[in-house]
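Next come the chains, spelled out residue by residue.
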Amino acid sequence: MTLSLKLKKFLIKNGATEVGFADITNFTPQPELKNGVVFYITYPKEIIRHMQNAPTKEYLEELVSLNSRLDALGMKCEEFLIDEGYNAYAQTKKRLGTDFGEFNSFELPHKTIATRAGLGWIGKSALFTTKNYGSALRLSSVLTDAPLDIGKPILKSKCGKCMECKDACLGGAISGLNWNYKLKRNDFYDDKKCEKYALKVSEENLGKPDTVCGKCIFACPHTQKYIKEL
């Protein structure tokens, strides 16, 4: 069994929904770590089904839970690779911080690794999006020097003319422009407008301001297909 297959099976056994591997040579914040392991866990369907009036208390609780589980899984992945004789660094929220829109120079966005691994693309909402689960998922990643079976990068959006997330965003954060790998996030999405609206709608729905919303997650047709499956 190859190292990649062994690691993928290990991560899925420990809770990951999907796993991918990417060449991050030209992106890595740590030059000696040229490969990325990326994995995600999906939101339960029943949580997303009740998101017509997002955000909900259940969604926020699940978001916090997923972040904790992803951090734990990242550390297990790091330990697995070190035990195999390689260097590895888990990009956990605990290590990198959790502030809205934060960019850390020691961090490579999980979404970048995920698109380079070929697991999906960046939606017009700036969320990582897959055909099977839409945006109803959360990502984490590990940087490593382990030799891995690299996926085929996805370099442009698969959203086409769809504007469901744009129409759902009452904060006006989504421009409707399709992502490609050359664009920066703020070229097609305004995180300040997103934050402003999220603080407002979360206070209305949850009784306290928070940087959570979720309307764009619920609106994505791929998410809708996922939550309607039995």
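Here, the structure is the one placed above.
Worth saying up front: this structure is predicted, and the values here are computed from it rather than measured.

## Things to note about the packing of aromatic side chains
- Under the counting rule described, the total for this entry stands at five aromatic pairs.
- Look at Y40 and F128: their rings are 6.5 Å apart centre to centre, the planes differ by 50 degrees, and that puts the pair in the tilted class. Separated by 88 residues along the polypeptide, Y40 in strand β2 (residues 35-42) and F128 in strand β5 (residues 128-129) bring together distant segments of the chain.
- Relative accessible area serves as the criterion here: at 4%, Y40 is assigned to the buried category.
- In this structure F128 comes out as buried when scored by relative accessible area, which is 4%.
- Here the aromatic rings of Y43 and Y59 are separated by 5.3 Å at their centres, their planes lie at 35 degrees, and the arrangement is tilted. Taken as a pair, Y43 in the loop between β2 and α2 (45-49) and Y59 in helix α3 (residues 57-83) lie far apart in primary sequence, 16 residues in all. Note on accessibility: Y43 and Y59 belong to one class, buried.
- Three or more aromatic residues joined by ring pairs make a cluster, and in this case those are Y40, F128, Y133 and Y226.

## Things to note about α3
- The terminal C-alpha atoms of α3, which comprises 27 residues, lie 39 Å apart, in line with the 39 Å expected from a rise of 1.5 Å per residue.
- Immediately downstream of α3, the backbone of G85 shows phi near 100 degrees, a positive value.

## A word on the sheet that holds strand β6 (residues 137-144)
- In spatial order, the strands read β1-β2-β6-β3; together these four strands make up an open sheet with antiparallel pairing. What marks the edges here is a single partner per strand, and that holds for β1 (18-23) and β3 (88-90). Pairs of neighbouring strands in the sheet enclose a mean axial angle of 25 degrees, with direction left out of account.
- With six bridges joining them, β1 and β2 adopt antiparallel strand pairing. Each residue of the ladder has a partner; that of A22, found in β2, is G36.
- Sitting on the sheet, helix α1 (residues 3-13) is in contact with β1 and β2, with an inclination near 140 degrees to β1.

## Remarks on the pattern of salt bridges
- Using the criterion set out here, one finds six salt bridges in the structure.
- K8 is the partner of E18 in a salt bridge, and the nearest nitrogen-oxygen pair spans 3.4 Å. In this pair, E18 is assigned in strand β1 and K8 in helix α1, connecting sequence segments 10 residues apart.
- With its nearest N and O atoms 3.5 Å apart, the salt bridge here joins E62 to R69.
- A relative accessible area of 39% means that R69 is categorised as partly exposed.

## Quick notes on helix α7 (residues 191-206)
- Look at α7: 21 Å from first C-alpha to last across 16 residues, which is about the 22 Å you get at 1.5 Å a residue.
- Turning to α7, its buried residues number three or more, namely D191, Y197, A198, V201 and S202. Looking straight down α7, one finds that the buried residues subtend no more than 130 degrees of arc, so they occupy a single side. Those residues of α7 that are exposed and angled more than 90 degrees off the buried face are K192, K196 and E204.

Rules used throughout
- By convention here, each chain's residues receive numbers from 1 onward along its written sequence.
- Residues qualify for local features only when their pLDDT is at least 70, as the model is predicted, and side-chain atom pairs are given and counted only at 80 or more; totals for whole chains, interfaces and linings, by contrast, use all residues.
- Side-chain numbers come from the whole structure's heavy atoms, not from hydrogens or water.
- Any Phe, Tyr or Trp ring, taking Trp's six-membered ring, that has another such ring centre within 6.5 Å forms a pair; planes under 30 degrees apart are called stacked, those over 60 apart edge-to-face, and the others tilted.
- Secondary structure counts use DSSP, requiring at least four H or I residues in a row for a helix and at least two E residues in a row for a strand, with both numbered from the N terminus.
- Classification of residues uses two cut-offs on accessible area relative to the type maximum, computed with a 1.4 Å probe and protein chains only: under 20% is buried, over 50% is exposed, and between them is partly exposed.
- Here the expected length of a helix is defined as 1.5 Å per residue gap, with one fewer gap than residues.
- Paired strands are those between which DSSP finds at least two bridges.
- Geometry is summarised by axes, namely lines fitted to C-alpha atoms with helices restricted to the contacting stretch, and by angles between N-to-C directions that run from 0 to 180 degrees.
- Only heavy atoms enter the contact rule, under which two residues are in contact if any of them lie within 4.5 Å.
- Here, a salt bridge means any Lys or Arg side-chain nitrogen found within 4 Å of an Asp or Glu carboxyl oxygen.
- Note that the arc is computed from the directions linking the helix axis to the C-beta atoms.

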